[in-house]
Protein chains: 2
Amino acid sequence: MTIKMISVLAFIGLIGICISCHHNSVDATIAASRPTKVEVLDSLKHPWSIAFISDEDVLITEKDGDLLRVDLSTGARVIIRGFPTDLVDSIRVKDFRDNSGIFEVVLHPQFMDNQWVYISYAAESEQGSTTRIIRATLQSDSLTEIVEIFTALPYRHDLFHYGGGMVFGQDGKLYATIGERFYNEMDQPDLPVAQDVTDPRGKIYRWNEDGSIPDDNPILAEGALPGIYAMGIRASQGITLNPSDDKIWFSEHGSVQGDELNMLSPGANYGWPVTTSGKYRNSSYQPPQLNIKNERQPVYTWLQTVAPTGLCFYNGYEFPTWRGDLLVAGLSRGSLWRIRIEENTPVSVEELFVNDRVRARKVSMSPGERLYLLTDEVNGKLLEIVNRP
Amino acid sequence: MTIKMISVLAFIGLIGICISCHHNSVDATIAASRPTKVEVLDSLKHPWSIAFISDEDVLITEKDGDLLRVDLSTGARVIIRGFPTDLVDSIRVKDFRDNSGIFEVVLHPQFMDNQWVYISYAAESEQGSTTRIIRATLQSDSLTEIVEIFTALPYRHDLFHYGGGMVFGQDGKLYATIGERFYNEMDQPDLPVAQDVTDPRGKIYRWNEDGSIPDDNPILAEGALPGIYAMGIRASQGITLNPSDDKIWFSEHGSVQGDELNMLSPGANYGWPVTTSGKYRNSSYQPPQLNIKNERQPVYTWLQTVAPTGLCFYNGYEFPTWRGDLLVAGLSRGSLWRIRIEENTPVSVEELFVNDRVRARKVSMSPGERLYLLTDEVNGKLLEIVNRP
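Because the structure is predicted, anything quoted here is derived from the model rather than measured.

A. Spatial organisation of the pattern of salt bridges. Summed over the entire model, instances satisfying the criterion amount to 44 salt bridges over all chains. Taking the shortest distance from any N to any O, the salt bridge between Asp 64 of chain B and Lys 63 of chain B comes out at 3.4 Å. Of the two residues, Asp 64 of chain B and Lys 63 of chain B, both sit in the buried class. Among the charged side chains, a network of salt bridges with common partners joins Asp 325, Arg 338, Arg 340 and Glu 350 of chain A together with Asp 325, Arg 338, Arg 340 and Glu 350 of chain B.

B. Geometry of the side chain of Asn 99 of chain A. Residues and elements named next belong to chain A. Position of Asn 99 relative to the elements: it lies in the loop between strand E5 (77-79) and strand E6 (102-107). In terms of polar contacts, Asn 99 uses its side chain to reach the backbone amide nitrogen of His 161, at 2.8 Å. Beyond its immediate sequence surroundings of up to four residues, Asn 99 is in contact with Lys 63, Leu 159, Phe 160, His 161 and Tyr 162.

C. Structural detail: the sheet that holds strand E24 (residues 380-387) of chain A. All names here are of chain A. Pairing in this open sheet of 4 strands is antiparallel, and the strands run E1-E24-E23-E22 from one edge to the other. Among the strands making up the open sheet, the edge pair consists of strand E1 (35-44) and strand E22 (360-365). Along the sheet, successive strands turn relative to each other by an average axial angle of 25 degrees, direction set aside. Note: E1 against E24, 7 bridges, orientation antiparallel.

D. The arrangement of the sheet that holds strand E13 (residues 228-231) of chain A in detail. All names here are of chain A. Read across the sheet, 4 strands follow the order E10-E11-E12-E13 without closing on themselves; strand pairing throughout is antiparallel. The strands lining the two open edges of the sheet, one partner per strand, are strand E10 (163-168) and E13. The average undirected angle you get between the axes of adjacent strands in this sheet is 20 degrees. Taken together, the 3 bridges between strand E12 (residues 203-207) and E13 define a ladder with antiparallel strand orientation.

E. Layout of the packing of aromatic side chains. Considering all chains together, one arrives at 38 aromatic pairs over all chains under this definition. On the numbers, 4.1 Å between centres and 15 degrees between planes, the contact of Phe 319 of chain A with Trp 322 of chain A is stacked. Trp 322 of chain A carries the same exposure label as Phe 319 of chain A, and that label is buried. Taking the centre distance of 5.8 Å and the plane angle of 50 degrees together, the rings of Trp 272 of chain B and Tyr 280 of chain B count as tilted. Connected via pairs of aromatic rings, a cluster forms that spans Trp 48, Phe 103 and Tyr 162 of chain A.

F. Inspection of the pairing of strand E3 (residues 57-62) of chain B at higher detail. All names here are of chain B. Burial analysis of E3 places 5 of its 6 residues in the buried class, the great majority of the element. With 5 bridges connecting them, strand E2 (residues 47-52) and E3 associate as antiparallel partners. Across the sheet, the residue bridging to Phe 52 is Val 58, located in E3. The hairpin formed by E2 and E3 contains 4 residues between the paired strands. Pairing analysis gives 5 bridges linking E3 to strand E4 (residues 67-71), with the strands arranged antiparallel. Along E4, the bridge assignment pairs Val 58 with Val 70. From the end of E3 to the start of E4, which pair antiparallel, there are 4 residues.

G. Inspection of the pairing of E12 of chain A at higher detail. Residue and element names in this part refer to chain A. Burial within E12 is extensive, with 5 of its 5 residues counted as buried. Neither face of E12 is open: one carries Lys 203, Tyr 205 and Trp 207, the other Ile 204 and Arg 206, and all of them are buried. The pairing of strand E11 (residues 174-178) with E12 spans 5 bridges and is antiparallel. Among the inter-strand pairings, Tyr 175 is bridged to a residue of E12, identified as Arg 206.

How each quantity is defined
- Residues numbered from 1 in each chain as written.
- Chains lettered and ligands numbered in written order.
- Predicted model: local features only at pLDDT ≥ 70, side-chain atom pairs only at ≥ 80, totals over all residues.
- Heavy atoms only, no water.
- Salt bridge = Lys/Arg side-chain N within 4 Å of Asp/Glu carboxyl O.
- Buried < 20%, exposed > 50% of the residue type's maximum accessible area, 1.4 Å probe, protein only.
- Helix = DSSP H or I, 4+ residues; strand = E, 2+ residues; numbered from the N terminus.
- Polar contact = N/O pair within 3.5 Å; in protein donor to acceptor, adjacent residues only side chain to side chain.
- Contact = heavy atoms within 4.5 Å.
- Pairing = 2+ DSSP bridges.
- Axes fitted to C-alpha atoms, helices over the stretch in contact; angles between N-to-C directions.
- Phe/Tyr/Trp six-rings, centres within 6.5 Å; stacked < 30°, edge-to-face > 60°.

Below you can see the structure in the form of structure tokens.
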């Protein structure tokens, strides 16, 4: 056998391997999109949010419970002490429209250095409740050095549409959603709160890490309250950063239909309640005719009721075909959505687990690019979504 | 260099190739799900159906036009002569509810031997129109030896819900959908036609190749018309065979919502209009209380209006992750759906091309496993859906 012959045989062998690799890749590809839920934790009281100190060490907020620190490798959980005492006792109300409780927990980008956590929750006074955002230092499983970042006055006795979504932008600023607090449009004043720049409700905010106002914040109008970054918001909970281009996206609940995905833009007005992609709860509601500047249309609108909440961009490797896609949890009927986006435009929308529904509060990526889902149940769960071909 | 050294080097080379193949497979996987429409034909008059004599030689029905034979490699098209003269002239009516015209064309499984084609269309008399199914021999671009397989009496002057979907089962039998012909439930007789086994409408049929009744057809009830295979159908157009397990699936239009996917089962009753997953057009309609036997629930129901029509199972290689999925075209708003199915249950539902909508009449696989879509437009198109990463 000559070297030339061997080379030829080796070449033929290479072709053979490549062909078989190609076939394997096809099989692997088929297998690569079989999402399966694996229960990581149960007995969570309507969990709302998860923040990853590491892939094992996490903070979880329970809407109807506590701020927990959980070791995912052992399941051991500790109730964080020192939570503000003005937290609404949300257990007392059984109405599904009771949105009160603890909402988002996010870590400061330099948490490892400063141990700062940011928490949004429904704070209570004799006048009712409202959305409050605090910063605290997490020390030995206690919150210390609590600083109030924001309180969305006035207090109201209604218990819905607090907002409370938070995310740190790539710019190191804290962004937060504040709902308008009305279940029915008929409760609006003549100038709807989301269109009133002197009213803190129905807005998205941007702050420095200490709650002060960034010098480069937009000015929406003369007399606008400090920190307002965008307006015309009804009931937004989910807000997230696209790590591929640093743009911020948020979900928004419509009144009757009109559930939306939006991209955040400085100074933008998302139109509510003057314009909506859905319908009003009360069909006789007539919004005022306002001159809306910088109006932005939703990037996507569902025709069905989804109640979209916590969302994230998928940057994992478990599902290679999903990389860069936006995942959105839905409360209504229980749904999880995968949205392929090109040039900031959804091109396909997949509803996952249509045969296995559960009210979904938030979908999150861990630092190690694992995908987690929190379920909005009395016996709420943390699920990991893995590929089980 | 010794032979052994060469072998070792070749082996290292093989490993290298395999690693690079693996990485390519991940990249290919990511790229493998970017569906893109490529126009193959235009100027089709509301095309309804396509039948593949080969990957290049196809028959296309135009709802508002002709039966065409087209060479896809050149685009050359010929109008097939000899079509029955009782075809409704569907151009005269501009109402979107005018469903009349030419519907499905399918080839006999042994078409290469017998040149038999089966065509469904709206046939006309002085009493109105109805669904007729014929068999013809295709000779020199003419239909000859036309045999009437079925006519769904009575004729009616309404122009909708003919049905007309056809498919050959793996058993060599011809299955066809016949609609109930009512736009509004208030037109129903006391015993709704879809629940009346002595009325040909609102049924699915199964025939031998010559229109005779197979010996093993189910008997739905005493006095049932010959050929009825299932009942309780409102308005079904799309019917297809799952090549992986030979089961037959069909789409069905709801009245107000209630669009459905169903699996065909012998002797089954799909419930219309006694039960529906949607709402009635007239909310005061009260269906009779009937004892429904062998009732089958839909496999999937859309919450939004889709008007699902021509469907097929994907068995191509252009999109490896789609293999085995059910694709469904939707008229309303223009939509194309990809449904992942496990154990005959949808597990995820993806709407494709949400940024590029067109009324979609039928999605079909060619013998060479290419994927085609017919658009329901005055200037209708045949589109191939390819992967353009």
